[in-house]
Amino acid sequence: MERVRPLASDVEAAVRAAMAAALPPEHAAADPLVRRSEHADYQANVALSLARRTESNPRGLAEALRDQLTGEDWIRAVEVSGPGFLNITLSDAALLDRLAVRARDDRLGVPRSQAAEVAVIDYSGPNVAKEMHVGHLRSTLIGDALARTLGFLGARVVRQNHVGDWGTQFGMLIQYLLEHPEAAWRDKELDASGTAGAVSALDALYRAARGAFDGDPAFKERAQRRVVALQAGDEETTATWREIVAESENAFQQIYERLGVLLTQADVRGESFYNPWLQEIVHALREKGVLEDSEGAKVVFFDDIRGPEDEPVPMLVQKSDGGFGYPATDLATIRHSIRTFHGTRLVYVVDARQSQHFDMLFKTARRAGWLTDDIQAVHAANGTINGPDGTPFKTRAGGTVRLADLLDDALERAREVVAEKDPDLSPEELDAVARAASIGAVKYAELSTSRTRDYSFDVARMISFNGQTGVYLQYTHTRIASLLRRAEEAGHGRGRFRPALTLDPAERALALTADEFTAVLTAVARTLEPHQLANYLYTLAKAFTTFYESCPVLKTDVPTEVRDNRLALCDLTRSTLGQGLELLGIAALERM
Ligand code: ARG
């Protein structure tokens, strides 16, 4: 396997060497500031930044660097432009040689740069007895894309689904179910789409139990006793709890399968999983001197976390009644990720509104000595999904929007859009394509947005063959696949890069973009922002579309060598697009 450096790194190295040769040592270590350019292949902006710092003439500096660079045979031209930009154009042969190496490798030349890491990724985390709602979609899709990408880069990935399966609300649910066996969700039929029927019924149970809890003091008392029974491991209580949990988890699994995310039942470590360690966590924190007593509760204070009146805000580890909450459980997750999985990178893909919780969590774990300097802990925060009108997403009745309903809407829309584009599809084909297109569209809309930003869930906009959509990317993939099939049928094979050729501008642009794949994946691994990959794939698809409009491939008057080279470029584009879509969890289709 050949692991190839991106051309941009070679350009950067060449500019660095030129700097070392032409500049005094104290300036030679500056960042060369190499970028893709509209006027050449790359531009280096270092002369401008250095000149500003040293109050010297930027053009003079740029010219000195140019003179050093001009000897390189893989560089076709170096020009100084404007106030001191260095415009660098590579030779066509260098470009094609590099692509040929990528094309020969089944990893497209992408090195396993994360091989030393164990990434423990906590994502999705829906709550039992509640419908999986639109809020959990973001964490689920972003977490999955990160798991795929870090895994492809060689990290050992441990997926963790921190399902909310514990807490005082179970007292009221179990009590209600025992008192009203007719409310049993287990007798309800699955709804039409075959998904989440049991959880919908659980949702109804949740509302009924809540109503009784809030309205009937006697029921409230029985429910509270039921919590104690659950915590004490009472048999009947535990059995009912287990049924509720199992039924919910089945429904979650159906959604995961429908979405095509990697999470399985084996990845579930619910809150209840950590119960046995909570007391020990308190002891350990006490021993390390991290814990303080405050009005009967056991808490941790922080110098730099303060409320609106500058009062210290505590993290509540154990309540005065002895109960543990979310923070205690998460202290156990962090210790578990380190001790059991030997995680080197702990990633929590969770709603941005929990950022203070994670801030407190990581600080406490560092003070307790569990999180050491060689381990990175990150809250990969995600923003909110709004409704199509930009306001918080609610049903007309004001309730939370069910994820399953949104996916149904998307499917319906995809069916219309795909049928219109291709009226000849058989009903089965239409069904399969519409499914893949609707899931792809929902995922792409999510993953092309910076994860911290809020966005609007707008089915009409996300399912379209035009614009920056999943459908457009899948369609571009099918166009290239069909072109390659026709080439095979015509006996042209898959093509071959021909470094002796002179390239058209659209070929160069496509080639340079295809070469950026490694750098983009490296950036996603660093920032944990999958939208960098999503946006890159759109740039790649557009570069292909422009290329295909101006560079014929299969027309009879195209010289053999040119066709070979173009076919190789198409094939590499298809593999790159296909691999990139797979890392986002989006199906790369052969036909559409
Ligand atoms: N169940 C939580 C919620 O719905 C998300 C869990 C996130 N993971 C964690 N380790 N806290 O808000």
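As the structure is a computational prediction, the values presented were derived from the model and not from experiment. (Residues numbered from 1 in each chain as written. Predicted model: local features only at pLDDT ≥ 70, side-chain atom pairs only at ≥ 80, totals over all residues. Heavy atoms only, no water.)

1. A look at the packing of helix H7 (residues 169-179) against helix H9 (residues 217-231)
In step 1: Direction vectors running N to C along H7 and H9 enclose 110°, while the axes themselves pass 7 Å from each other. With respect to their mutual orientation, H7 and H9 come out roughly perpendicular. Residues Phe 170, Gly 171, Met 172, Ile 174, Gln 175, Tyr 176, Leu 178 and Glu 179 of H7 lie in contact with H9, whose contacting residues are Phe 219, Arg 222, Ala 223, Arg 226, Val 227 and Leu 230.
In step 2: Along the lines of polarity and charge, the residues of the contact of H7 with H9 split into nine nonpolar, two polar and three charged. (Axes fitted to C-alpha atoms, helices over the stretch in contact; angles between N-to-C directions. Helix = DSSP H or I, 4+ residues; strand = E, 2+ residues; numbered from the N terminus. Parallel < 35°, antiparallel > 145°, perpendicular 65-115°, else oblique. Contact = heavy atoms within 4.5 Å. Nonpolar A, V, L, I, M, F, W, Y, C, P; charged D, E, K, R; others polar.)

2. Description of the pairing of strand E8 (residues 297-300)
For a regular strand, side chains alternate in direction, first toward one face of the sheet and then toward the other.
In step 1: With three bridges joining them, strand E7 (residues 292-294) and E8 adopt antiparallel strand pairing. Opposite Ser 294, over in E8, you have Ala 297 as the bridge partner.
In step 2: Linkage of E7 to E8, two consecutive antiparallel strands, is achieved through a turn of two residues, within which Glu 295 is found at a positive phi near 50°.
In step 3: In this structure, E8 lies alongside strand E9 (residues 315-318), joined through three bridges in antiparallel fashion. Its bridge partner lying in E9, Val 300 is registered against Met 315. (Pairing = 2+ DSSP bridges.)

3. Notes on the pattern of salt bridges
In step 1: The tally for this structure, following the rule as stated, stands at 33 salt bridges.
In step 2: One network of salt bridges, with partners in common, ties together Asp 41, Arg 76, Asp 92 and Arg 508. (Salt bridge = Lys/Arg side-chain N within 4 Å of Asp/Glu carboxyl O.)

4. Overview of the sheet that holds strand E5 (residues 118-122)
In step 1: Reading across the sheet, the four strands line up as E6-E5-E10-E11 and stay open at both edges, with parallel pairing between neighbours. Each end of this open sheet is capped by a strand with a single partner; those strands are strand E6 (156-160) and strand E11 (376-379). Averaged over all adjacent pairs, the angle separating strand axes in this sheet is 15°, with direction ignored.
In step 2: As paired elements, E5 and strand E10 (residues 345-348) share four bridges and run parallel to each other. Across the sheet, Ile 121 pairs through a bridge with Val 347, a residue of E10.
In step 3: Here helix H12 (residues 326-339) sits on the sheet in contact with E5 and E10, set at roughly 145° to E10.
In step 4: Together, E10 and E11 form the strand contacts of helix H13 (residues 355-367), whose direction differs from that of E11 by roughly 165°.

5. Things to note about H9
In step 1: Over its 15 residues, H9 extends 21 Å from the first C-alpha to the last, a length consistent with the 21 Å expected when each residue adds 1.5 Å.
In step 2: At the N-terminal boundary of H9, the capping side chain belongs to Asp 216, with an oxygen 3.0 Å from the backbone nitrogen of Ala 218.
In step 3: With its phi angle positive at about 80°, Gly 233 sits one or two positions after the end of H9. (Expected span 1.5 Å × (residues − 1). Polar contact = N/O pair within 3.5 Å; in protein donor to acceptor, adjacent residues only side chain to side chain.)

6. Considerations on the site of the ligand
In step 1: Around the ligand lies a shell formed by Asp 122, Gly 125, Asn 127, His 136, His 162, Tyr 326, Asp 330, Tyr 348, Val 350, Gln 354 and Phe 358.
In step 2: Here Asn 127 contributes a side-chain N or O atom positioned 2.9 Å from a nitrogen atom of the ligand.
In step 3: Across the complex, the protein chains shield 88% of the 350 Å² of accessible surface that the ligand would expose by itself.
In step 4: Of the residues that constitute the shell around the ligand, the class distribution is four nonpolar, five polar and two charged. (Near = heavy atom within 4 Å. Areas by Shrake-Rupley, 256 points an atom, 1.4 Å probe, with all protein chains shown as cover.)

7. A closer look at the sheet that holds strand E1 (residues 34-36)
In step 1: The strand order across the open sheet built from four strands is E1-E2-E4-E3, with neighbouring strands paired in antiparallel fashion. Two strands close off the open sheet at either side, each with one partner strand: E1 and strand E3 (75-81). Strand-to-strand twist in this sheet, taken as the mean axis angle between neighbours without regard to direction, amounts to 25°.
In step 2: Relative to strand E4 (residues 85-90), strand E2 (residues 42-44) is paired through three bridges, and the arrangement is antiparallel. Among the inter-strand pairings, Tyr 42 is bridged to a residue of E4, identified as Ile 88.

8. A look at the packing of helix H18 (residues 505-514) against helix H20 (residues 531-550)
In step 1: For the pair H18 and H20, the least separation of the axes is 9 Å and the interaxial angle reads 160°. As judged from the angle between their axes, H18 and H20 are roughly antiparallel. Crossing hand, H18 versus H20: left-handed. Side by side, H18 and H20 meet where Ala 506, Glu 507, Leu 510, Thr 513 and Ala 514 of the first sit next to Tyr 536, Thr 539, Leu 540, Ala 543, Phe 544, Thr 546, Phe 547 and Ser 550 of the second.
In step 2: Split by residue class, the contact of H18 with H20 holds eight nonpolar, four polar and one charged. (Left-handed = near helix turned anticlockwise from the far one by under 90°.)

9. Digging into unusual backbone geometry
In step 1: Phi at Leu 108 takes a positive value of approximately 55°, unusual for a residue other than glycine.
In step 2: For Leu 108, the location among the structural elements is in the loop between helix H5 (92-104) and E5.
In step 3: Judged by its relative accessible area of 7%, Leu 108 falls in the buried class.
In step 4: The phi torsion at Asp 310 lies on the positive side, around 65°, for a residue other than glycine.
In step 5: Relative to the assigned elements, Asp 310 resides in the loop between E8 and E9. (Buried < 20%, exposed > 50% of the residue type's maximum accessible area, 1.4 Å probe, protein only.)

10. With respect to the pairing of E10
In step 1: Taking every second residue as pointing to the same face, both faces of E10 are buried, with Arg 345 and Val 347 on one and Leu 346 and Tyr 348 on the other.
In step 2: With four bridges connecting them, E10 and E11 associate as parallel partners. The residue bridging Arg 345 from the neighbouring strand is Gln 376, located in E11.
In step 3: In terms of handedness, the path from E10 via H13 over to E11 forms a crossover that is right-handed. (Right-handed = clockwise from strand over helix to strand, strands pointing away.)

11. Observations concerning the confidence of the model for the protein chain
In step 1: Summarising the model, the protein chain shows a mean pLDDT of 93, and 96% of its residues fall at 70 or more.
In step 2: Contacts of residues 189-196 to residues separated by more than four positions or lying in other chains number 15 contacts, the stretch itself having pLDDT below 50. (pLDDT = per-residue confidence, 0-100.)

12. Overview of the environment of Leu 99
In step 1: In this fold, Leu 99 is placed in helix H5.
In step 2: Measuring from C-alpha to C-alpha, the distance between Leu 99 and Ala 568 comes to 9.1 Å, with 469 residues separating the pair along the chain.

13. Topic: the side chain of Gln 579
In step 1: Relative to the helices and strands, Gln 579 is located in helix H21 (residues 560-584).
In step 2: With sequence-adjacent residues up to four places away left out, Gln 579 is seen in contact with Leu 108, Phe 152 and Phe 517.

14. Some points on the packing of aromatic side chains
In step 1: Tallying each qualifying case throughout the model produces 14 aromatic pairs.
In step 2: Pairing Tyr 176 with Phe 219 gives two aromatic rings, centres 6.1 Å apart and planes at 80°, and the pair type is edge-to-face. Taken as a pair, Tyr 176 in helix H7 and Phe 219 in helix H9 lie far apart in primary sequence, 43 residues in all. With respect to class, Tyr 176 is no different from Phe 219; both count as buried. (Phe/Tyr/Trp six-rings, centres within 6.5 Å; stacked < 30°, edge-to-face > 60°.)

15. Focus: a negative patch on the surface
In step 1: On the surface, Asp 409, Glu 412, Glu 416 and Glu 420 cluster together into a negatively charged patch.
In step 2: Taking the relative accessible area as the measure of exposure, Glu 416 reaches 48% and is therefore partly exposed. (Patch = residues over 30% accessible without salt bridge, like charges linked within 9 Å, V, L, I, M, F, W, Y side chains within 5 Å. Lys, Arg positive; Asp, Glu negative; His and termini not counted. Charge placed at Lys NZ, Arg CZ, Asp CG, Glu CD.)

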